[in-house]
Amino acid sequence: MFIGHFAAAYLLIALFPSVPPLVILFGVSFPDLLWPVLVLTGKERVTVSPDNPLQNAIGFTSYPFSHSLVTGSLIAAIPGLFIAYFVSPLAGIVFVAASASHWLLDVVTHVKDLPVLGTGRDIKVGLGLWNYPRSAFVLELVFYTVITVLVVQPFMVVTLLALGFAFHLINANSFLGFSKKNPFTARGYAVAALFGFLTFIGIAAWIFAGM
Ligand SMILES: [Zn+2]
């Protein structure tokens, strides 16, 4: 999931107006910012299928740190503590909650590969919306649109919708399989995720700062 995480960010920004939007934008993205770093350093593993660009063909073989509910939230608590100290205690708590929201939304789309604990004999969950890639494409866009319209201040709605639609279109090949071949290697996919999230955070933060 990509733009859907930012819908969760907009909701948290509306619920906690005293928390800087940038904290929340980084919070909802945190697992997918940590993940590429851990993939590139060999701590977590991903495989891609060269003949299939779809998201359910990506093998999230091992990502117990970035994408487990318990260990992932504990890791998010490290930046959370810094944020609590330097920004506000509430901002630190909301950062960790935002990071946990990432896991919850990923449960909807991922196949059963998301660890709960991140250690030992773990259970893995995932409702597998990605097994229905066209529906997943539409539903993520609808989810983003509905939340944005409902929770964002009216003067920012059009800009944030345009931002989300643009990134969803960039991501469309992984839902609709135009290319037949996967344009990414595993490491390339991780770098693209990192770059995509950072770019979206930067633009959204700029919009929330009043452009
Ligand atoms: Zn994720």
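Residues numbered from 1 in each chain as written. Predicted model: local features only at pLDDT ≥ 70, side-chain atom pairs only at ≥ 80, totals over all residues. Heavy atoms only, no water.

**Q** Before we go on, may I ask you to explain the layout of surface pockets in this structure?
**A** Where empty space is left becomes clear once a probe the size of a water molecule has been rolled over the atoms. Approximately 590 Å³ is the volume found for the largest pocket. Lining the largest pocket are 28 residues, and of these F2, N171, Y189, A192 and A193 lie nearest its centre. If you list the elements that add at least two residues to the lining of the largest pocket, you get α2 (21–40), α6 (154–170), α7 (173–176) and α8 (186–208). Here the element with the most residues in the lining of the largest pocket is α8; it accounts for seven residues. Of the residues contributing to the lining of the largest pocket, the split by class is 17 nonpolar, nine polar and two charged. Lining of the second largest pocket is provided by Y10, I13, A14, P17, V19, P21, V151, V152, Q153, F155, M156 and F208. When residues of the lining of the second largest pocket are traced back to their parent elements, those giving at least two are α1 (3–15) and α6. The greatest single-element share of the lining of the second largest pocket, amounting to three residues, is contributed by α1. For the lining of the second largest pocket, the per-class residue count stands at eleven nonpolar, one polar and no charged. (1 Å grid on protein atoms, 1.4 Å probe; cavity = no way out; pocket = protein on both sides within 12 Å on 5 of 7 lines; lining within 4 Å. Points joined across faces, edges and corners; volume = space filled by probe spheres on them. Helix = DSSP H or I, 4+ residues; strand = E, 2+ residues; numbered from the N terminus. Nonpolar A, V, L, I, M, F, W, Y, C, P; charged D, E, K, R; others polar.)

None of this, on its own, says anything about what the molecule does.
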